[in-house]
Amino acid sequence: MRFAIARDSLLPRIALAVALSLLCAAALIALSGHNPFTAFAAMLDGAAGSPHQFGVALNKSTPYLLAGSGVALCFRAGVINIGAEGQIAVGGAGAAATALAWPIDSPLPAILLALAGGAVAGSAWAAVAASIHLARHVHEVLVTLLLNFVAVLLVQQALAGPLGEFGAGFLQSPKMPAPVWLPRAIPGLDAHPGFILGVVLAAGLSFLLWRTRFGFSLRVAGASRPAALYAGFSVARITWGVMLLSGALAGLAGGIEVLGVQRRLIEGFSLGFGFKAVTVALLGALEPLAVVPAALFVGLLEAGSLSMQRQVGVPSSMVAVIEGLTMLFVLAATVRRRTA
Amino acid sequence: MVPLLEMRGIVRTFGAVRANDGIDLDVAAGRIVGLLGENGSGKSTLMKLLFGMLPPDSGTIIFKGRELSGHRPAEAMLAGLAMIHQHFMLIEAMSVVDNVMLGWPAAGKLLRRAAVANQIRGASARFGLDLDPDAKVANLPLGRRQRVEILKAILRGADLLILDEPTSNLAPAEVAGLLTILRRLREEGRGIVFITHKLPEVLDVCDEVVVLRAGRVAGRAPVAGVSRAALAEMMVGRDTTHAHSPDPRPPGAVRLAVRGLRGPGLAGVEFDLHAGEILGVAGVDGNGQIELADTLAGLRRGEGSIVLNGQEIARASVAARMQAGLAYLPADRAQTSLVRAMTIAENFGLRDHAGFLLHPAARTAHAKELMTAYDVRAPGPQTVAARLSGGNAQKIVVGRELDRAPSVVIAHQAAWGLDPGATRFVLDRVVDLRNRGAAVLYISSELEEVLAIGDRVAVLSGGRFAGILSRDKIDLGQIGLWMAGQA
């Protein structure tokens, strides 16, 4: 399975896809007996009606942005990595374990160490998938997808054992030590700095993709494997590179969620994040910088979903429908068959 | 004898190429007609027109006294034509009887498995096919699979069977079995068109032979009384104009020495390539051309020794071989030598490895120079390669590879499919480079092209060089025999 993206006039296509999905959602809301305009207004109010709400939306966008830009890089290289889900979970566990095992009193080093622990754990989990894929020639979709389930169970196992909080009625770790809590660092907003970090990293990935030899080689590999071989690029090296990078980003996303939102490791804290990151990567046309607005769009939808339910009575699961529709429309608008 | 099939004045063009240029072909019932010709001589096109896979530009086809025109393959089959392709159209996971019933209306809406299996046993005994209806196709050797195709044709009541290079995938014993089956079909009064490059089989089984060259009938003769040499000459033609007169200069130092090169498709290639020489490699496609070119360039692994400028490179990476002065123009431009989704500038830089950062401005400027030097006609360096014509696209590859002033060039089908102007341009560049002292291995299935450009000519057959002739000793008869698999 390879994706080829129709590059000409991508942005208008995606804008059209988003508009169509909102139109369909409006029709569904109307069918359920509510006014779509009030529902969307309530959603917008809940997502960006106050600095606090907008901060929540930014926080919700952060894991999609980080993991999604990594997934975009993999897809560009023709490596269909569906493993962000597991890499985020393992990354969260890695960050929590690091913070609990090596408590440091001053915040900055403590946070950096814990996040590094998350990134390394995510990367290591991606390395498992990469090595199985490259050594045994198992299709990467299969390996990354199946390892997600293993990862989630491993994190559960850790919470039931060494990482778990004794006596808690739920599978969760003890509260993280205060120095590793991510500060509400964005002035005026109730948000941790994760989104800012995500934007910086996405810019870095974009530079890597378009302005470095490695980025060029991975784009060649994504466009045509025989051409990469002919050009003298090692597809194995490229695969390792993008898998480790995207694993680190997903691990970072898990770490930030643990340190910045939950402040402890909770079973299922990242449920669905990694799969949604794939949606976001495609919504962002596999361009790391365009993943920023794509992640923000999904974050805003989710932040607004509860207020839509409260104020208008449209079930919050309607947001999942909108996300699904957006995904379908974006795929229909951008992905074409390779043989053309 | 009343002909079963009469094709008259068949013409079919593809752009400027006249693939069939007024071909007449007759097949009588109970006769086997051999259809001979090089790659691109028009055999496959003629058969596709007959079978309704393509419409002819002009000409008539009369089959069993009825004119066929505007027909589709399904109608051709109903009329009593059967085509047996080189690559079998069978479903490997299914049994013989399932494959026979597949797409056969007579098998009934409710499949009459047992009845069909009985028919298979009957036909199998009658023609010596030796097929078990319940055997799974995946478990059958290639020769048996071909018999399943023949069986399908027999049961569907085909009066004329077209076999496209039926022996190319068979072991010698299987070939003998096939020829026996064909003789039985002939005894029953069916007509057969036997497409092949191989002279011995033609002489063995055919009643008459028609030779195509460049879209025309170059000769036809009853097989009795025709010699191999005469057939070989008909196939390759006589009057080859040598476009590039050779420089009779003494050969330079050995640039590339290949010994015992083996691997899938290669059976021990050996040659020396000298500075200032073009070694043309002729041969029918599928005799190891791609394997040889890819193995020399490092895209495939093979056993044996490849010494480039005194340095053993058989284990070296693609990039290391490039560094050592090897340039490669692969046959596959759609996927390998060009990235169609990328720009002209990116394609010129496809094989650059120096430096961590890309320098888009410098890359664009360099691409502009190369576009001028190599006559790439496009709006600019940022034009996407997919928008270019075949000739302009190939000029990018030629520019990228030859501009590095390589000491050895491997060119495979370098002028394939190009218009005459672009062909001339590519060949001239290759000859220029030779004149400046490079060594060139020029592999092509166009014999005329190889003869025109080669200082020496080798023939690749069955994964090895059947022989090498220097230009002053060119013997077309000998080349034809080598190409036809006669050592």
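The model shown is predicted, which means the values in this text are computed figures rather than measured ones.

A. The overall build of chain A, seen in detail. In terms of regular secondary structure, chain A is built from 13 helices and two strands. Radius of gyration (C-alpha) of chain A: 20 Å, near the 20 Å computed for a compact globule of 340 residues. For chain A, the spread of C-alpha atoms along the three principal axes comes to 55 × 50 × 35 Å. Here chain A holds 340 residues, and the buried ones make up 54% of them. Here the contacts in chain A between residues at least 6 apart in sequence split such that 75% fall between residues at least 24 apart. Positive and negative charge centroids in chain A, built from 20 and 12 side chains respectively, lie 13 Å apart.

B. Structural context of the packing of aromatic side chains. Tallied over the entire structure, the rule returns four aromatic pairs over all chains. Their ring planes at 85° and their centres at 6.3 Å tell us that F216(A) and F233(A) sit as a pair that is edge-to-face. Residue F216(A) is located in helix α8 (residues 213–223), and its partner F233(A) is located in the loop between α9 (225–231) and α10 (235–262); the two are separated by 17 residues in the primary sequence. Residue F216(A) is classed as buried on the basis of its relative accessible area, which comes to 0%. Lying over the aromatic face of Y230(A), R351(B) brings its terminal NZ or CZ to 3.9 Å of the ring centre.

C. Structural context of unusual backbone geometry. All names here are of chain B. Phi is positive for D130, close to 55°, though the residue is something other than glycine. Along the polypeptide, D130 turns up in the loop between α4 (113–127) and α5 (142–155). Given a relative accessible area of 51%, D130 falls into the exposed group. Of note in this structure, A214 is not a glycine but carries a positive phi near 50°.

D. Focus on the domain arrangement of chain B. All names here are of chain B. On domain assignment, one finds that chain B holds domain 1 (3–236) and domain 2 (254–483). With centres defined by C-alpha atoms, the gap from domain 1 to domain 2 works out at 36 Å. With seven residues of domain 1 at the interface, the matching set in domain 2 holds 11 residues. Together, the buried faces of domain 1 and domain 2 total about 860 Å²; carbon and sulfur atoms form 64% of this surface.

E. Here's a closer look at the pattern of salt bridges. Evaluated as defined, the whole model comprises 29 salt bridges over all chains. Close ionic contact of E165(A) with R264(A) constitutes a salt bridge, the shortest N to O distance being 3.1 Å. Linking E165(A) in the loop between α6 (140–160) and α7 (194–211) with R264(A) in the loop between α10 and α11 (273–283), this pair joins segments that are 99 residues apart in sequence. On the basis of relative accessible area, E165(A) is assigned to the partly exposed category, the value being 29%. With its nearest N and O atoms 3.1 Å apart, the salt bridge here joins R190(B) to E188(B). If you follow the salt bridges from partner to partner, you end up with R351(B), R400(B), E401(B) and R404(B) in one network.

F. Spotlight on the nonpolar core. All names here are of chain B. With 159 residues, the main nonpolar core has F271, L292, L441 and Y442 as its most contacted residues. Setting aside anything within four residues of it in sequence, one finds L441 in contact with F271, L273, L279, V281, L292, L296, V409, I410 and A411. By size, the runner-up hydrophobic cluster in this structure holds 54 residues, among which are I32, A107, V137 and I150.

G. Highlighting the interface of chain A and chain B. Chain A puts 18 residues into the contact, and the matching count from chain B is 29 residues. Of the roughly 2,000 Å² buried at the junction of chain A and chain B (both faces included), carbon and sulfur atoms supply 61%. Of all residues in chain A, R213(A), F216(A) and Y230(A) bury the most surface against chain B, accounting for 41% of the area lost on that side. There are one salt bridge connecting chain A and chain B. Inspection of the chain A/chain B interface yields 12 residue pairs in polar contact (both at pLDDT 80 or more). At the level of elements, α7, α8 and α9 of chain A are the ones that each hand at least two residues to the side of chain A that touches chain B. Residue composition of the side of chain A that touches chain B, grouped by class: 11 nonpolar, three polar and four charged.

Analysis parameters
- Residues numbered from 1 in each chain as written.
- Chains lettered and ligands numbered in written order.
- Predicted model: local features only at pLDDT ≥ 70, side-chain atom pairs only at ≥ 80, totals over all residues.
- Heavy atoms only, no water.
- Helix = DSSP H or I, 4+ residues; strand = E, 2+ residues; numbered from the N terminus.
- Rg over C-alpha atoms; globule rule 2.2 N^0.38 Å.
- Buried < 20%, exposed > 50% of the residue type's maximum accessible area, 1.4 Å probe, protein only.
- Contact = heavy atoms within 4.5 Å.
- Lys, Arg positive; Asp, Glu negative; His and termini not counted.
- Charge placed at Lys NZ, Arg CZ, Asp CG, Glu CD.
- Phe/Tyr/Trp six-rings, centres within 6.5 Å; stacked < 30°, edge-to-face > 60°.
- Lys NZ or Arg CZ within 6 Å of the ring centre and 35° of its normal.
- Domains from an automatic or database assignment.
- Buried area = accessible area lost by both parts, 1.4 Å probe.
- Salt bridge = Lys/Arg side-chain N within 4 Å of Asp/Glu carboxyl O.
- Core = buried A, V, L, I, M, F, W, Y, C linked by side-chain atoms within 4.5 Å.
- Polar contact = N/O pair within 3.5 Å; in protein donor to acceptor, adjacent residues only side chain to side chain.
- Nonpolar A, V, L, I, M, F, W, Y, C, P; charged D, E, K, R; others polar.

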